[in-house]
Every structure is written in C-alpha cells, then in structure tokens.
Amino acid sequence: MKPEWYCKLFIRAEMPEEELLDLINLRLRGARQGIRTVRTGLLELDLIRNHEYVPGSQDFLFWRYYADLEAVTEERPAYVRCIRGLMAFLQERQIETVAACDFEQELV
C-alpha cells in the first residue's frame, strides 16, 4: 500500500515551467512522465502553475509555481531526505521554496 506522505512545495521562480522542471529533474534524476511530472524510486512530483500567482508577492501562497509530491516508497526517511535535498538544491540557485506538509519541520 502506498504511504500518504503528501507534500506541497511552493516555489518562487521566475523562469519558464519547462526550465524549472528540467532543473528539478537535474537534482532528482528521475523519469519525466507527461509534460509536468517527474517520477523517481522515492516520489512523484507534479509541477503546477499557480493560478493564484501574484507577480512580486512575498506571500508563498501566491508564488508562480507549486509542486505536488507523493511518496512511491515506504522508506519515509529517504523520502524526507529527498525533498530536503531538492529544497536545498533550489535554494543554492536562489529559488525559494516553502513546504506545506505534516512533516515540514523535518525539512528545515
């Protein structure tokens, strides 16, 4: 049975969606599925344009993108490390992220 460790990752990036997805996949090294999905052995990530986007907003709820992340493993520590690593990878590239999930305190 697939675990229910859903995580929503808000992403503040002013680049085209395809470029951001390629950058995310550079870190995740997964398989692209369709036009907005990356799947690895740990998670599935769907990158979505935020319809509530407000240019220049400091409030993460109104950033340009968010990603829905679902676990495809039962290895919770590895799943959490993967998300934490992705957030750090993006931060190193001056792309802010905010996680909204039951385990967000483990991602800091």
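Residues numbered from 1 in each chain as written. Predicted model: local features only at pLDDT ≥ 70, side-chain atom pairs only at ≥ 80, totals over all residues. Heavy atoms only, no water.

(A) Quick peek at the pattern of salt bridges. The final tally for this structure, using the stated rule, is 8 salt bridges. Arg-93 is paired through a salt bridge with Glu-92; the nearest N and O atoms lie 3.4 Å apart. Among the ionic contacts, a cluster of salt bridges with common partners joins Glu-18, Asp-22 and Arg-32. (Salt bridge = Lys/Arg side-chain N within 4 Å of Asp/Glu carboxyl O.)

(B) Quick peek at the packing of aromatic side chains. Scanning the entire structure with this criterion turns up 5 aromatic pairs. Among the aromatic residues, ring-to-ring pairing joins Phe-10, Phe-60, Trp-63 and Tyr-66 into one connected group. Sitting over the ring of Tyr-66, Lys-8 keeps its end group 4.2 Å from the ring centre. The residue whose ring lies beneath Arg-93 is Phe-89, and the NZ or CZ to ring-centre distance is 3.7 Å. (Phe/Tyr/Trp six-rings, centres within 6.5 Å; stacked < 30°, edge-to-face > 60°. Lys NZ or Arg CZ within 6 Å of the ring centre and 35° of its normal.)

(C) Unusual backbone geometry, seen in detail. Positive phi values are uncommon outside glycine, yet Arg-29 reaches one of about 55 degrees. In this structure, Arg-29 sits in the loop between α1 (17-28) and β2 (31-33). Positive phi values are uncommon outside glycine, yet Gln-94 reaches one of about 60 degrees. Among the secondary structure elements, Gln-94 is positioned in the loop between α2 (76-92) and β6 (96-101). Looking at Gln-94, the relative accessible area reads 67%, which means it is exposed. (Helix = DSSP H or I, 4+ residues; strand = E, 2+ residues; numbered from the N terminus. Buried < 20%, exposed > 50% of the residue type's maximum accessible area, 1.4 Å probe, protein only.)

(D) Quick look at the nonpolar core. If you look at the biggest cluster of nonpolar residues, it comprises 32 residues, and the most contacted ones within it are Ile-11 and Leu-45. For this core, the secondary-structure elements that each account for two or more residues are β1 (7-12), α1, β4 (43-49), β5 (65-71), α2 and β6. A per-element tally of this core places α2 first, with 8 residues. Dropping the residues within four chain positions of it, Leu-45 is found in contact with Leu-21, Ile-24, Leu-28, Arg-36, Thr-37, Val-38, Ala-67, Asp-68, Leu-69 and Leu-86. (Core = buried A, V, L, I, M, F, W, Y, C linked by side-chain atoms within 4.5 Å. Contact = heavy atoms within 4.5 Å.)

(E) Summary view of α2. Under the 1.5 Å per step criterion, the end-to-end length of α2 is 24 Å for 17 residues, consistent within 8% with the ideal 24 Å. Those residues of α2 not exposed but buried are Ala-78, Tyr-79, Val-80, Cys-82, Ile-83, Gly-85, Leu-86, Met-87, Phe-89 and Leu-90. Looking at the buried residues of α2, the elements they touch are β1, α1, β4, β5 and β6. Backbone geometry just downstream of α2 places Gln-94 in the positive-phi region, at approximately 60 degrees. (Expected span 1.5 Å × (residues − 1).)

(F) Expanded view of the packing of α1 against α2. Taken N-terminus to C-terminus, the directions of α1 and α2 make an angle of 130 degrees; their axes are 10 Å apart at the nearest point. Considering their axes alone, α1 and α2 lie oblique with respect to each other. Our pair here, α1 against α2, has a crossing hand that is right-handed. Facing Leu-23, Ile-24, Leu-26, Arg-27 and Leu-28 of α1, the residues of α2 in contact are Cys-82, Gly-85, Leu-86, Phe-89 and Leu-90. Looking at the contact of α1 with α2 residue by residue, the class counts come to 8 nonpolar, 1 polar and 1 charged. (Axes fitted to C-alpha atoms, helices over the stretch in contact; angles between N-to-C directions. Parallel < 35°, antiparallel > 145°, perpendicular 65-115°, else oblique. Left-handed = near helix turned anticlockwise from the far one by under 90°. Nonpolar A, V, L, I, M, F, W, Y, C, P; charged D, E, K, R; others polar.)

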